[in-house]
Structure formats: structure tokens, C-alpha cells
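# An overview of the molecular structure
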Amino acid sequence: MSAPTHTRPHPATTGDVGTRLPWWALALPTLAFITLLALILNPADAQAATGDPVLAHVLERLRDLLAR
């Protein structure tokens, strides 16, 4: 026994759906790729993290601000 098929009440639209990307959807990944490529090509420009505890400096500044 076969089941009845349902037809669409309206035919599918074939017009422009309006699927455009915003400018930053292409610009941000491109910028990230170029930045990483530049670091790979010239690793001398990439500076390693220093031994200074950055988190300790941030917490100290936060404590100073809250103490005022």
C-alpha cells in the first residue's frame, strides 16, 4: 500500500535570495591569514613572551585601582 505524497502549496522561488556576505566576513580571515603568513616567513619579528608575569602586573594594577 503506497502513502500519498504531499505537494507544495506554492512553487519554490527561483529569484534572488539575497545571500551576500558582509565585508568583514572576508576581510577578517584574510587579515589573520596574512598576519600568520608574515610571522612564518619572518620569525625574527615574532617576539617570545618575556619572563615578566603579565598577569601579576594586571592584578596589581586592578588592586591599586580598587584601593583608591
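Refer to the structure printed above.
Here goes a summary of the coordinates provided. (Residues numbered from 1 in each chain as written. Predicted model: local features only at pLDDT ≥ 70, side-chain atom pairs only at ≥ 80, totals over all residues. Heavy atoms only, no water.)

### Focus on the overall build of the chain
In terms of helices and strands, the chain carries two helices and zero strands. Burial statistics for the chain: of 68 residues in total, 0% are counted as buried. Within the structure as shown, the chain displays about 7300 Å² of accessible surface, and the carbon and sulfur contribution to it stands at 65%. (Helix = DSSP H or I, 4+ residues; strand = E, 2+ residues; numbered from the N terminus. Buried < 20%, exposed > 50% of the residue type's maximum accessible area, 1.4 Å probe, protein only. Areas by Shrake-Rupley, 256 points an atom, 1.4 Å probe, with all protein chains shown as cover.)

### Thoughts on a nonpolar patch on the surface
Taken together, the side chains of Val54, Leu55, Val58, Leu59, Leu62 and Leu66 make up a nonpolar region of the molecular surface, amounting to roughly 630 Å² of accessible area. Looking at the secondary structure, you find Leu66 in helix H2 (residues 54–67). (Patch = residues over 30% accessible without salt bridge, like charges linked within 9 Å, V, L, I, M, F, W, Y side chains within 5 Å. Salt bridge = Lys/Arg side-chain N within 4 Å of Asp/Glu carboxyl O.)

### Points about the environment of Thr30
Here Thr30 shows up in helix H1 (residues 24–41). For Thr30, a relative accessible area of 36% translates into the label partly exposed.

### Thoughts on H2
Across its 14 residues, H2 extends 20 Å between first and last C-alpha, which sits within 8% of the 20 Å expected from 1.5 Å per residue. In terms of burial, H2 is a largely surface element, zero of the 14 residues being buried. (Expected span 1.5 Å × (residues − 1).)

By themselves, these observations are geometric and do not establish any function.
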